[in-house]
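Given next are the chains, with one letter for each unit.
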Amino acid sequence: MDELKEEYMREAIKEAEKAAAIGEVPIGAVIVWKGEIIGRGHNEREVTNDATTHAEMTAIRQANAFKQNWRLEEAELYVTLEPCPMCCGAILLSRIKKVYYGASDLKGGTAGTLMNLLQDERFNHQSEVERGVLEEECRTLLQDFFRALRKERKENSRKHLREHMQEENKG
């Protein structure tokens, strides 16, 4: 695999780790233009209470601000999870040239899994797509996060049940 692709995807993984550190689903993205990262983002939906603060959206906003232009025609997006419909819409609208993603999203991915919005010729712009860049690392990051979340919920449920039974035994 191309070393530059891996390097940029590792930067996206770092962003995903930032999301996990604040309790968000670990998805990260970077936008590269002329060999420079001009936008970074990670999920922040829970923190911001804003459904649009996906990693890709934040990275696109930063890149737009950097270029002082809504067009990102020669830019490339690296994202740890296949983009959703909202993010694919933003990718197309901002004219991003190429999208690299790590793990496929079987429940919401629209860059090739459920459908491929990014290469639909009915739109006035298409983006090239490459799947599977550091796929295993990206998938493992998500799986570990959700495994820990399920474990925590299970433990909290048991704790609540024990407390409830103790209260009942007192009365």
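Residues numbered from 1 in each chain as written. Predicted model: local features only at pLDDT ≥ 70, side-chain atom pairs only at ≥ 80, totals over all residues. Heavy atoms only, no water.

**Focus on the packing of helix 3 (residues 55-67) against helix 4 (residues 85-93)**
- Between helix 3 and helix 4, the shortest axis-to-axis distance is 9 Å and the interhelical angle comes to 20°. Taken as axis vectors, helix 3 and helix 4 run roughly parallel relative to one another. Handedness of the helix 3/helix 4 crossing: left-handed. Two secondary-structure elements touch here, helix 3 through Glu-56, Met-57 and Ile-60 and helix 4 through Met-86, Cys-87, Ala-90 and Ile-91. (Axes fitted to C-alpha atoms, helices over the stretch in contact; angles between N-to-C directions. Helix = DSSP H or I, 4+ residues; strand = E, 2+ residues; numbered from the N terminus. Parallel < 35°, antiparallel > 145°, perpendicular 65-115°, else oblique. Left-handed = near helix turned anticlockwise from the far one by under 90°. Contact = heavy atoms within 4.5 Å.)

**Some words on the UniProt feature "active site" (unreviewed entry) in the protein chain**
- In this structure's numbering, the residues bearing the UniProt feature "active site" (unreviewed entry) are Glu-56.
- In contact with Glu-56, not counting residues within four places along its chain, are Ala-29, Leu-77, Val-79, Leu-81, Pro-83 and Cys-87. (UniProt positions renumbered as here; feature names shortened; annotations may be inferred.)

**Quick notes on the pattern of salt bridges**
- Counted under the stated rule, the structure contains 13 salt bridges.
- With a shortest N-O distance of 2.8 Å, Glu-137 and Arg-10 are connected by a salt bridge. On the criterion of sequence distance, the pair formed by Glu-137 in helix 5 (residues 135-170) and Arg-10 in helix 1 (residues 3-21) is long-range, its members being 127 residues apart.
- A salt bridge links Lys-97 to Glu-74; its shortest N-O distance comes to 3.7 Å. Here the residue Lys-97 occupies a position in the loop between helix 4 and strand 4 (98-103), and Glu-74 occupies one in the loop between helix 3 and strand 3 (76-81), the gap between them amounting to 23 residues. (Salt bridge = Lys/Arg side-chain N within 4 Å of Asp/Glu carboxyl O.)

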